[in-house]
Structures are given as structure tokens and as C-alpha cells.
Amino acid sequence: MKFLRIAAKTAVVLFCLWHGAAIFVNTMQPGPAAYVPEAFRAYANTYLLATNQWQSWNLFSPDPMRRMTRYRIDARLPMEGQTAMSGGWRTVRVLEPANARPWRRSDEFSFVQQLDNGGRDVPALYVRYLRALCAPLGLPEGTPVSLTAEYIVLPEKPTGGDWALWRAMMVNGWDMWPSAVAPCPAPDDPAIIPITWL
Amino acid sequence: MKIFRTIDAFFFGRVSATGFGLMRAMWGASVLAYFLKQWPDVTRYYSAAGELPPWLSQTMTNPSPGTSILWLFPHPQAVFAIYLLLLVCAACACVGLRPRITTIVTTLLVMSFHVRNPWHTTGGDVLLRMAGVLLSVAPAGVHAFSWQRARLQCRHWVRTRKLLPPLTMPAWPQRMLLWQLIVLYSQSMWSKLLGTMWWDGTAVGIALHHTHFGRFAVSPISDVIGIAGPMLGWAFITWESCWLLLLVPRNITAWWPADRLRRWLLATSFLIHMTFYALLRLGSFLTAIPTVLLGNLHENDFTVMRATVNRRWKGKISVFYDGDCGFCLRSMGGIVMMDWLRRLRPVDFRSSQEHHKWAPDLELKNLDRAMHIRLPAGKTLHGFSAFRALAWHLPPLWLLASFLYLPGVKRLGDVVYRSIAENRKKCSHGHCKV
């Protein structure tokens, strides 16, 4: 029994040391991390991925994000009495933190920002998201809809005067990054689960 | 041999499990709240018919790492069923019903949902996952502050008029939790020093004026706070670096007791993150941090907090109860369990010795009609008024206490209390049904 107790305690101590070292190595900056043996880093990353303990503490570091983005949903709506393709593009909604409900804000903006950053590798994801916007916005089947990212980059070294300049930029200073265009599906299309928070 | 004893004491010395129990309760509540707000969109976020179907997410440049049960059950109905299971387990983990198994299941399901669609997760969710793992493996820690423990306490109180000694656990889960916080803050500090904006003092101003984060981004409030931005930025980096002092051996830091440093860091971490909550939108990070801080509390931290709250409080409140009534004993047990500030003195008025010692002027027939309390200043209250006065001294009832003084509540309370008090007469000892 004493042997088992010592063996159990030894296993716990080794686990604590291993886990502590793994999370430390996983969060190290690339420069110092190069001094850690490659094999150890590989085992540590594999262990943390398998146990879902991977982590990265980089909010506001090394520098806070300066780019502010809002997302404009445009649809090509028909003129009265005409077909959808004959109308001009009109903005039907602007997605920005100020007009999102507080308890949904982080969920939806995290996703659309990730889509903006990583989803452009997979255009089908963007198209899928666009098609889910149609039902809550009441857009008929076949209406072309697009999502455009508009952004401003805050000045790096603002002074008191620059914040006034920045507020002026907020009105007119948005740059645009157009996304894909997709046609709206039928309202009861079972392949698309519509967004509920719009 | 001394090194082995030191290692044994460091990892397996007994510490209070109360902190971990509180952490479990808050962790369960955080997980429940986080996932409840996703109710309308669960199938859209996590099923194959939603925004991130498996066949598309696997083609991404960086597919989500880790393992998830939702890869095996991608249909919307199955996802929703698993989601309901998560909610139930999180609620049970919060109140401490079968705490071990519900904590383990909740942790595994949280990981599954986060891995299935990591695009809705933030840094706070990483902390919640990490806390879940530690709670799952911590011996005894997860049972503190649980419904099961409360039942054991109540039974013990009824039998012996004393509470069970506080639960303890080996130190290693708390050491790992503290190490996680040290890694979090030190790596964050290190990363900040590699940038430029924290050096030139503009980082705080930028964060406050960023419309994604700042609650007052377009308001002059951010301009005013931003003036102190350089000083606030450097103060924050210095504070983050203080966490590394916890790694310095105690015999070197004899001039600054390690316990006091840890307590100061935990308290300031809580205050700083509450300030962040007031100024910034940071999602679940702001509930995850207080959750993790709770797990780092030791028994002497609770003693210090109690002494601070009781700084101007003198004496004890005598609470007179009927020791011959099972219902009364269980009720008194519940009140004693909530007496975190140690301000109460339970007195069994059926014991003539205790009755004559603490309230010789109160007649038995009056004590028998309703619960009486005697405050240190000598004032005596009974019935609902006594309960209402006691609520201010029982921290779990603090939120309820103010509502008990609303107009009309006293009258209703008197009626309810009288009804309960009269029905307790119909009980036999230990077998009361009200």
C-alpha cells in the first residue's frame, strides 16, 4: 500500500510538472520558444491540442488592435414592378457592436470577424453565411446579397486633438473590403438555418 | 530526504477545499449562462446544417484543433439533445448535485462545443475549459459547497449541534491553478513589451476608443481616461510582472509575506477586471477571471475577509430554536451553514441551562411560538421580523434582504411564518413534514 501511495504521488507530481511546462511552452513568444527542444514543443502542443487546453494570451498584446470594422449588408432589390436584377444595390443593415444586442454581440461579431479573417480561404463559408441573412431580412428568393467589411484604422499615436480627428473619420473615413455575392435561397430551404438575431 | 518531504508538503499538504467549491459553483453558473444565451442559434452554430458544416471547416487553412463528440453527431436534433445535456449538467455542477460526474461531463461537452465551432469562443472560454479540467481532477475540492455536502452538514448538525470540519484537499490542484494565472499574466506582459504601443503609452487610449471593445468609445469619457493612458498602461504591465514574484522562494521574501502578496494580487485582479467590465466589452473573460480567482482562495483568506467585514461588529446574535423539533433543527442547521461571518450563537431553549444563560427573561411559551433572536445591543425580535433581521448577517441572503423590507412583505411574511410555525407542532421529532 505504501508503495502504491508513493507511486500515485509520484505520478501526480510528474503530471503537474509536465502540464505546467506544456502550457508555459505553448504560450511562449516565438523567439524564446526556439531555445526549447523541438521534440518537447511538439509533444507539448500535441498534448494540449488533444486535451483542448491550448491557449494564447494575446488580447491587446503585443499591441491593441487598431482596425475597427463594421459589416454592411447590401441587397439588389427590384424597383417597383420590376425584377430583382434590375434594381440597384441598397444597404439593408449595418452590423456593428453599437446595434447588436448585448447578450448576442460577442457570439455574432466573433463569427463574422473570423469569417472576414479566415473564411476568405473558403468562399463557400461566406456564401453560406450570406444566404442565412436573407430570411430574417425578408429578402425574396433569388435576390443578390453581399456583405462588405468597412474599416477604419485608428491612428497609432493619437493625442487629444487626434481623437476629434478620429471622430470625423468615423463619419467619412471608412475603407471597404468587398466580399462575395450570393443569391438568396427559398425562405423554407431546409439546408439553411436562418440567423435569428437580426 | 528533506527534499522529498518538501516536495510532498508542496504538492500534497492539505489546503481548504472551499475555494475550489466556490469556483465550481461559479464555473457552472458561467457555463450555463454562456450557453443559455446561444439557445436560439445552437443548431446554426454547431450542427452540419449550420454556418460551419464539417465538410467546409475541414478545408480551412487552420481547421479547429482538438477532439469533439459533435463530429460524431452532426445532425441538428442530436446537437440540440447534447446541448440540453450540457445545460442540465452545468446547472447540476453549479448547485453541486453529483458534483464530480456533472463537472466531468460539463467539461467534456464544453470542450466539444468549443472545438466544433471555435469562431464563437474567446479567451474567457479558454479559462473556463482549463478550470473545468482542474475541477474534474481535483480530489475532494469539487465536493465543497455542494448540495451533497449541505445535506451531510445538515444531518451532522441535527445529530451533534456542530458542523463538520471544513473539507480539505491536497494542494496540487490549487498550485496548478495559480501557475496558470502566473503564465497568463507573465506571458501577456512579455507580449506587450514586444510591441510599441504599450511602450509609448497609447495602448490604453486605443483600447478605450475601439468601438468593438470600448463601451464609451465615442464618448468624451474615453478621452478623459485616455489622458492617464500612459500611466495606466505602465501600471498594468508592472502589476502583471508582480505575479512572477510568487515564484520567489519564501525565505527570500521574508520581508513581504507571500500570502499577503498573493492576496493582494487576487484582490487587485478582481478590481482591475471589474473596471475592465465597466469600460470594455470582453465577453466571457470577465466572468471567467473571477471564477478562477475564487479557486485560489485559502482558509486564511476567508478569515481575513471575515475579520474585515466584522471590523465594526461586536458580540453575537443569539438565535433561540426548539431542540425537540426536527424541522427546527434542520432549519437551524441551514441558518448556521449560511453563518459565514460567524455572528450567530444558536441556543436550544429546551435546554434549561442555555435558556437561563442567554435569555432568562424570555418565557418558554413565547419561545415556543416563534423563533426569537437577541441582538448584541439587547433588542429581541421574533418570527418574520427576526428572520428579516438575520438576513443581513447571512451573506447568501444579502440579495434577498432588501426585498424583505418592501411595503406589504412584512404582512405576508408574518402570515407565512405563522402558518409554518403552527404546522411544525404536527411533527414528531426528526420526521417533520410541512
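Treat the numbers as computed from the prediction; the structure is a model and nothing was measured. (Residues numbered from 1 in each chain as written. Chains lettered and ligands numbered in written order. Predicted model: local features only at pLDDT ≥ 70, side-chain atom pairs only at ≥ 80, totals over all residues.)

Some points on the overall build of chain B
So, step 1. Summing up its helical and strand segments, chain B has 21 helices and 6 strands in all.
So, step 2. Taking all 434 residues of chain B together, 38% fall into the buried category.
So, step 3. Sequence separation of 24 or more characterises 73% of the internal contacts of chain B that already satisfy a separation of 6 or more. (Helix = DSSP H or I, 4+ residues; strand = E, 2+ residues; numbered from the N terminus. Buried ≥ 20, exposed ≤ 12 C-beta atoms within 10 Å, placed from the backbone. Contact = placed C-beta atoms within 7 Å.)

What about the overall build of chain A?
So, step 1. Along the backbone of chain A there are 6 helices and 4 strands.
So, step 2. In chain A, which comprises 198 residues, the share counted as buried stands at 24%.
So, step 3. Taking the contacts inside chain A whose residues are at least 6 apart along the sequence as the reference set, 64% of them involve residues at least 24 apart.

Remarks on the interface of chain B and chain A
How big an interface is tends to be stated in terms of accessible area lost as the parts join.
So, step 1. Listed per partner, the contact involves 62 residues of chain B and 59 residues of chain A.
So, step 2. Broken down by secondary-structure element, the contributors of at least two residues to the side of chain B that touches chain A are α1 (2–12), α3 (42–46), α6 (99–116), α7 (123–137), α9 (172–193) and α10 (203–209) of chain B.
So, step 3. By residue number, the principal contributor to the side of chain B that touches chain A is α9 of chain B, which donates 12 residues.
So, step 4. Looking at the side of chain B that touches chain A, its residues break down into 26 nonpolar, 25 polar and 11 charged. (Nonpolar A, V, L, I, M, F, W, Y, C, P; charged D, E, K, R; others polar.)

Observations regarding the sheet that holds strand β3 (residues 317–321) of chain B
Residues and elements named next belong to chain B.
So, step 1. Strand order in the open sheet formed by 4 strands is β4-β3-β5-β6, and the pairing between neighbours is mixed. Of all strands in the sheet, those bounded by a partner on one side alone are β4 (344–348) and β6 (380–382). Pairs of neighbouring strands in the sheet enclose a mean axial angle of 25°, with direction left out of account.
So, step 2. Taken together, the 3 bridges between strand β5 (residues 372–374) and β6 define a ladder with antiparallel strand orientation. Bridge assignment links His 372 to a residue of β6, and that residue is His 382.
So, step 3. Helix α16 (residues 326–337) rests against β3 and β4 of the sheet, and its axis sits at about 165° to β4. (Pairing = 2+ DSSP bridges. Axes fitted to C-alpha atoms, helices over the stretch in contact; angles between N-to-C directions.)

Observations concerning the nonpolar core
So, step 1. Grouped together as the largest cluster of nonpolar side chains are 79 residues, with contacts concentrated most on Ala 131 and Val 292 of chain B.
So, step 2. Counting residues per element, this core draws most heavily on α9 of chain B, at 9 residues.
So, step 3. Every residue in contact with Val 292 of chain B, bar those within four places of it in the chain, is listed here: Met 23, Leu 127, Ala 131, Leu 177 and Leu 181 of chain B.
So, step 4. Within the second largest apolar cluster, 25 residues are counted, among which are Val 112, Leu 130, Ala 132 and Ile 192 of chain A. (Core = buried A, V, L, I, M, F, W, Y, C linked by C-beta atoms within 7 Å.)

Some words on unusual backbone geometry
So, step 1. Omega for the bond connecting Ser 61 of chain A with Pro 62 of chain A falls within 30 degrees of zero, at 0°, which places this linkage in the cis form.
So, step 2. Within the secondary structure, Pro 62 of chain A sits in the loop between α3 (38–50) and β1 (67–76).
So, step 3. Residue Phe 145 of chain B is not a glycine yet carries a positive backbone phi of 55°.
So, step 4. Along the chain, Phe 145 of chain B falls in the loop between α7 and α8 (147–160).
So, step 5. Look at Arg 342 of chain B: it is not a glycine, yet its phi comes out positive at around 55°.
So, step 6. On the neighbour-count criterion, Arg 342 of chain B (14 C-beta atoms within 10 Å) is partly exposed.

Some words on the domain arrangement of chain B
All names here are of chain B.
So, step 1. Along its sequence, chain B is organised into domain 1 (15–165), domain 2 (171–309) and domain 3 (317–426).
So, step 2. One C-alpha centre belongs to domain 1, the other to domain 3, and the line joining them spans 38 Å.
So, step 3. If you look at the interface, domain 1 gives 6 residues, while domain 3 gives 6 residues. (Domains from an automatic or database assignment.)

Digging into the environment of Leu 77 of chain A
Residue and element names in this part refer to chain A.
So, step 1. Within the secondary structure, Leu 77 is located in the loop between β1 and β2 (89–95).
So, step 2. Residue classification places Leu 77 among the partly exposed residues on the basis of 18 C-beta atoms within 10 Å.
So, step 3. Separated by 11 residues in sequence, Leu 77 and Gly 88 have C-alpha atoms that sit 6.4 Å apart.
So, step 4. Sequence-distant contacts of Leu 77, that is, excluding residues within four places in its chain, are made with Gly 87, Arg 90 and Thr 143.

Some remarks on α6 of chain B
So, step 1. Helix length check: α6 of chain B (18 residues) gives 25 Å between terminal C-alpha atoms against 26 Å at 1.5 Å per residue, within 8%.
So, step 2. Across the 18 residues that make up α6 of chain B, a large majority, 13, are buried. (Expected span 1.5 Å × (residues − 1).)

Points about the pairing of β3 of chain B
All names here are of chain B.
So, step 1. With 4 of 5 residues buried, β3 lies mostly within the body of the structure.
So, step 2. With 5 bridges joining them, β3 and β4 adopt parallel strand pairing. Within the sheet, the bridge partner assigned to Ser 318 lies in β4 and is Arg 345.
So, step 3. Examined bridge by bridge, β3 and β5 share 3 bridges and lie antiparallel to one another.

A closer look at the confidence of the model for chain B
So, step 1. Of the residues in chain B, 94% reach a pLDDT of 70 or more, and the chain-wide mean stands at 89.
So, step 2. Predicted as a complex, the structure gets a pTM of 0.90 and an ipTM equal to 0.87. (pLDDT = per-residue confidence, 0-100.)

With respect to the packing of α6 of chain B against α7 of chain B
All names here are of chain B.
So, step 1. Running from N to C, α6 and α7 point in directions that differ by 150°, and their axes come no closer than 9 Å. Judged by the inter-axis angle, α6 sits roughly antiparallel to α7. Note on packing geometry: the crossing formed by α6 with α7 is left-handed. Counted together, Thr 103, Ile 104, Thr 106, Thr 107, Val 110, Met 111 and His 114 of α6 and Asp 125, Leu 128, Arg 129, Gly 132, Val 133, Leu 135 and Ser 136 of α7 form the full contact between these two elements.
So, step 2. Here the residues of the contact of α6 with α7 sort into 6 nonpolar, 6 polar and 2 charged. (Parallel < 35°, antiparallel > 145°, perpendicular 65-115°, else oblique. Left-handed = near helix turned anticlockwise from the far one by under 90°.)

A word on the packing of helix α1 (residues 2–27) of chain A against α1 of chain B
So, step 1. In contact at an axis separation of 11 Å, α1 of chain A and α1 of chain B are set at 70° when each is read in the N-to-C sense. Between α1 of chain A and α1 of chain B, the crossing angle belongs to the class labelled roughly perpendicular. The residues of α1 of chain B that touch α1 of chain A, namely those facing Lys 9, Val 12, Val 13 and Cys 16 of chain A, are Ile 7, Asp 8, Phe 11 and Phe 12 of chain B.
So, step 2. Residues belonging to the contact of α1 of chain A with α1 of chain B are distributed by class as follows: 6 nonpolar, no polar and 2 charged.

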